[in-house]
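Below are the chains, spelled out letter by letter.
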Amino acid sequence: MRRWTSKKIKAFLKLDNETIITPKQIHGDSVIRVSENSSPSECDAIIFKANSNIIGTINVADCIPICIYDFDNKNIALVHSGWRGTHKKIILKAICFLEEMGADRKTIKIFLGPSIRGCCYEVDKLFTSKFDSCSIQKHNEKYFVDLSIQVKFDLENAFVPSTNIIIDDLCTYEDVYCHSFRRDGRNAGRMTLVAYKD
């Protein structure tokens, strides 16, 4: 299945007047605050008020889809974290942005959706130098990286409580019900993470 259209998302959620905002993802580390009047921007993380009429979405096919919720200030951040974003610590930049809006990193909740995991994300040895040893595995002289473990490590090092971090264990490469660019190449569809407050 290809990425869902705005019309299809609204129909599925039985919504009508809300504004759907999807960033033009560029595999970077830019974080942008959006409103109902915002045009799609080139970035890989958006922040918006949960009590607005915004439905935020991001599209992935192996990269990590991340949702951060600040209960105290009712703000939502959606983050697209591929290897470049993970290496550039986009998740921490999104949290710093939320803190500028009043968030406390010790109370925010963070969900990491399905992504390619360490069992299947094979890389060369030089590539592993971008990440911490906790996220690197070696089997039969082959190297593998688990980006979700790296993000969790970064969050915990930034004093986000581990109890506030939820990680979906599905591997998008391994699970045929998930879309995977590494597995299917140009034929890969996209999965859409949708966030809004009803």
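Use the structure listed above.
Rules behind the numbers
Residues numbered from 1 in each chain as written. Predicted model: local features only at pLDDT ≥ 70, side-chain atom pairs only at ≥ 80, totals over all residues. Heavy atoms only, no water. Pairing = 2+ DSSP bridges. Helix = DSSP H or I, 4+ residues; strand = E, 2+ residues; numbered from the N terminus. Buried < 20%, exposed > 50% of the residue type's maximum accessible area, 1.4 Å probe, protein only. Polar contact = N/O pair within 3.5 Å; in protein donor to acceptor, adjacent residues only side chain to side chain. Contact = heavy atoms within 4.5 Å. Phe/Tyr/Trp six-rings, centres within 6.5 Å; stacked < 30°, edge-to-face > 60°. Core = buried A, V, L, I, M, F, W, Y, C linked by side-chain atoms within 4.5 Å. Axes fitted to C-alpha atoms, helices over the stretch in contact; angles between N-to-C directions. Parallel < 35°, antiparallel > 145°, perpendicular 65-115°, else oblique. Left-handed = near helix turned anticlockwise from the far one by under 90°. Nonpolar A, V, L, I, M, F, W, Y, C, P; charged D, E, K, R; others polar. 1 Å grid on protein atoms, 1.4 Å probe; cavity = no way out; pocket = protein on both sides within 12 Å on 5 of 7 lines; lining within 4 Å. Points joined across faces, edges and corners; volume = space filled by probe spheres on them.

Q: Kindly report on the sheet that holds strand β10 (residues 142–145), identifying the contributing residues and their values.
A: Across the sheet, three strands lie side by side as β8-β10-β9; this open sheet has antiparallel pairing. Sheet topology places β8 (122–123) and β9 (136–139) at the edges, where each strand pairs with a single neighbour. Summarising the sheet, β8 and β10 pair through two bridges and their orientation is antiparallel. Bridge pairing in β10 places Val-123 opposite Tyr-143.

Q: Requested: an account of the side chain of Ser-81, with residues and values cited.
A: Inspection of the secondary structure assignment puts Ser-81 in strand β6 (residues 75–81). Under the relative-accessibility criterion, Ser-81 is labelled buried at 0%. At a separation of 2.8 Å, a polar atom in the side chain of Ser-81 contacts the side chain of Thr-86. Other than its neighbours up to four places away in sequence, Ser-81 contacts Cys-63, Ile-64, Ile-66, Thr-86, Ile-90 and Val-151.

Q: Quick rundown of the packing of aromatic side chains? Include the residues and the values.
A: Under the counting rule described, the total for this entry stands at four aromatic pairs. Seen from their ring centres, Trp-83 and Phe-127 are 5.0 Å apart, and the 70 degrees between their planes marks the pair as edge-to-face. In this pair, Trp-83 sits in helix α2 (residues 83–87) while Phe-127 sits in the loop between β8 and β9, placing the two residues 44 residues apart along the sequence. When its relative accessible area of 13% is taken as the criterion, Phe-127 is described as buried. Three or more aromatic residues joined by ring pairs form one cluster here, namely Trp-83, Tyr-121, Phe-127 and Phe-131.

Q: I'd like to hear about the nonpolar core, residue by residue, with values.
A: The biggest cluster of nonpolar side chains holds 32 residues, and the ones touching the most others in it are Ile-66, Ile-68, Ile-95, Ile-110 and Leu-155. Going through the elements one at a time, β3 (45–49), β5 (64–70), β6, α3 (90–100), β7 (109–112), β10 and α4 (147–157) are the ones with two or more residues in this core. In terms of residue count, the dominant contributor to this core is α3 (five residues). Discounting chain neighbours no more than four positions away, the residues touching Ile-95 are Ile-68, Arg-105, Ile-108, Ile-110, Leu-155 and Val-160. By size, the runner-up hydrophobic cluster in this structure holds 14 residues, among which are Val-34, Phe-48, Tyr-69 and Ile-76.

Q: Could you give me a rundown of the packing of α3 against α4, with the residues and numbers involved?
A: Axes are the key here: two packed helices are described by the angle between their axes and the distance separating the axes. Two elements in contact, α3 and α4, have axes whose closest approach is 9 Å; the angle formed by their N-to-C orientations is 40 degrees. Between α3 and α4, the crossing angle belongs to the class labelled oblique. Remark: the crossing between α3 and α4 carries right-handed chirality. Together, Ile-91, Leu-92 and Ile-95 of α3 and Val-151, Asp-154 and Leu-155 of α4 make up the contact between the two elements. The class makeup of the residues in the contact of α3 with α4 is five nonpolar, no polar and one charged.

Q: Run through the layout of surface pockets, naming residues and quoting values.
A: Estimated volume of the largest pocket: approximately 460 Å³. Surrounding the largest pocket, 18 residues form its lining, His-27, Ala-61, Asp-62, Cys-63 and Phe-181 being those nearest its centre. When residues of the lining of the largest pocket are traced back to their parent elements, those giving at least two are β4 (54–60), α2 and α5 (181–184). Looking at side-chain class alone, the lining of the largest pocket contains eight nonpolar, five polar and five charged residues.

Q: Hey, could you go over the environment of Ser-41 for me, with residue numbers and the actual values?
A: Within the secondary structure, Ser-41 is located in the loop between β2 (31–33) and β3. Ser-41 sits in the partly exposed class, given a relative accessible area of 26%. With 18 residues separating them along the chain, Ser-41 and Pro-23 place their C-alpha atoms 5.3 Å apart. Among all residues touching Ser-41, those that are not within four sequence positions of it are Pro-23, Lys-24 and Ile-32.

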